[in-house]
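Chain and residue survey
Given next are the chains, with one letter for each unit.
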2 protein chains.
Amino acid sequence: MGWLSSIFWAFWYILPAYFANASPVLVGGGRPIDGGRVWRDGRRLLGDGKTWRGFIGGVLIGTLVGIVQYFITPDFYGSLETAVKLAFLLSFGALIGDLVGSFIKRRANLPRGYPAIGLDQLGFLISALAFAYPVKTLSSGQIIFLLVVSPFIHWGANYFAYRMGWKSVPW
Amino acid sequence: MGWLSSIFWAFWYILPAYFANASPVLVGGGRPIDGGRVWRDGRRLLGDGKTWRGFIGGVLIGTLVGIVQYFITPDFYGSLETAVKLAFLLSFGALIGDLVGSFIKRRANLPRGYPAIGLDQLGFLISALAFAYPVKTLSSGQIIFLLVVSPFIHWGANYFAYRMGWKSVPW
């Protein structure tokens, strides 16, 4: 496999996780997952930013992306069942990683929406890779590549959204 | 390879990077790498915390660890040359990752020593894995494992050092 092809399949593989991670911005809102409960430090478990609608919507969108991907490149997945399982685990893993990140940020007393450099760009990715690993994984070179470029894609996308006026802060 | 053995070799592989990352605390001090220069945002390029002595000392300590490792498990490396190259690249990569992290933290206006959750625990590791990749790499499962457990090891070690009175803050 050439390096350009390796890069393409790495992005193709991880696509449901990116979609799941971004979708709560669109489908979010509603009842917070922590139900308003606080941890023993007196602060919210996860905060109002993490809702059931965002979580379930994110898993559904990510899984749907995987189904579309299967019909574009069936050979990459082997079967629709594998594609659905993989996309579900990548999406579920990405959103679990996001929740763990929120939990850690609340414990560190960072306000909701405040950036945690590194955690925000890598937590969902590492969690997605870990959850999906039993079904299908990438080569170690592809994983290292995704880890190196994802933060820059994340910052680039946020900066673009900020310059377009879609976001009020550039992160 | 059993899973316990996989875990052992993953830690064994990455050991020089952990040593290089931790050693500036011991061998640091001296002239800052940025020579006091400021970026166009008016803030320091890297800050006083990143010194030539810390960088060079860290690379030397990490490389020495690799030489000791070679004499304990020569078969894992194949040759002393490979062991030295690998340990040098893991150490150099870890410290470059640390410098990039400092640069990003200064741009985000975080004060020196202030934790960047995620970046501090993962930046040096990802950079070490990327630099060492051409010489010798791990399986994708081992890489995902290191990415998941390293933050917890990092926090555990810092909390231990804090409880022992070696550090004034628990991060």
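These lines cover the structure that appears in this document, whether it is placed above or below. Since this is a predicted model, take the numbers as computed values, not measurements.

Next up on the list: the environment of Ile61(B). Residue and element names in this part refer to chain B. By secondary structure assignment, the location of Ile61 is in helix α3 (residues 52–72). We classify Ile61 as partly exposed; its relative accessible area is 25%. Residues Ile61 and Asn158 lie 97 residues apart in sequence; the distance between their C-alpha atoms is 20 Å. Excluding anything up to four places from it in sequence, Ile61 contacts Phe19, Ser23 and Val27.

Further remarks concern the pattern of salt bridges. All names here are of chain A. In total, this model carries 14 salt bridges over all chains according to the counting rule given. Arg44 is the salt-bridge partner of Asp48, the closest N and O atoms lying 3.0 Å from each other. The class for Asp48 is partly exposed, based on a relative accessible area of 42%. Salt bridges sharing partners connect three or more residues here, namely Asp34, Arg44 and Asp48.

What follows covers the relation of the copies chain A and chain B. A rotation about some axis, followed by a shift along it, carries one copy of the chain onto the other. Its rotation angle being 180°, the transformation that places chain A on chain B also includes 0.0 Å of axial translation and leaves an RMSD of 0.0 Å. What the superposition gives is, in effect, a two-fold axis relating one chain to the other. Here 100% of the interface residues in chain A have copies in chain B that are interface residues too; the copies meet face to matching face.

Right, let's talk about the packing of helix α7 (residues 140–163) of chain A against helix α6 (residues 119–132) of chain B for a bit. It is the contact of α7(A) with α6(B), at a shortest axis distance of 10 Å, that shows an interaxial angle of 130°. In terms of axis orientation, α7(A) runs oblique to α6(B). Note that α7(A) runs across α6(B); the crossing there is left-handed. For the pair formed by α7(A) and α6(B), the contact residues are Ile144(A), Leu147(A) and Val148(A) on the first element and Ile126(B), Leu129(B) and Ala130(B) on the second. Here the residues of the contact of α7(A) with α6(B) sort into six nonpolar, no polar and no charged.

All names here are of chain A. At a minimum axis distance of 8 Å, the contact between helix α1 (residues 3–22) and helix α5 (residues 80–107) shows a crossing angle of 45°. On the basis of the axis angle, α1 is oblique to α5. Read as a crossing pair, α1 and α5 show a hand that is right-handed. In this structure, α1 contributes Tyr13, Ile14, Pro16, Ala17, Ala20 and Asn21 to the contact, and α5 contributes Leu86, Ala87, Leu90, Ser91, Ala94, Leu95 and Asp98.

So, on to the side chain of Ser127(A). Residue and element names in this part refer to chain A. Inspection of the secondary structure assignment puts Ser127 in helix α6 (residues 119–132). For Ser127, a relative accessible area of 11% translates into the label buried. In this structure the side chain of Ser127 is engaged in a polar contact, spanning 3.4 Å, whose partner is the backbone nitrogen of Gly97. Sequence-distant contacts of Ser127, that is, excluding residues within four places in its chain, are made with Gly93, Ile96 and Gly97.

Basis of the calculations
- Residues numbered from 1 in each chain as written.
- Chains lettered and ligands numbered in written order.
- Predicted model: local features only at pLDDT ≥ 70, side-chain atom pairs only at ≥ 80, totals over all residues.
- Heavy atoms only, no water.
- Helix = DSSP H or I, 4+ residues; strand = E, 2+ residues; numbered from the N terminus.
- Buried < 20%, exposed > 50% of the residue type's maximum accessible area, 1.4 Å probe, protein only.
- Contact = heavy atoms within 4.5 Å.
- Salt bridge = Lys/Arg side-chain N within 4 Å of Asp/Glu carboxyl O.
- Least-squares fit on C-alpha atoms with pLDDT ≥ 70 in both.
- Axes fitted to C-alpha atoms, helices over the stretch in contact; angles between N-to-C directions.
- Parallel < 35°, antiparallel > 145°, perpendicular 65-115°, else oblique.
- Left-handed = near helix turned anticlockwise from the far one by under 90°.
- Nonpolar A, V, L, I, M, F, W, Y, C, P; charged D, E, K, R; others polar.
- Polar contact = N/O pair within 3.5 Å; in protein donor to acceptor, adjacent residues only side chain to side chain.

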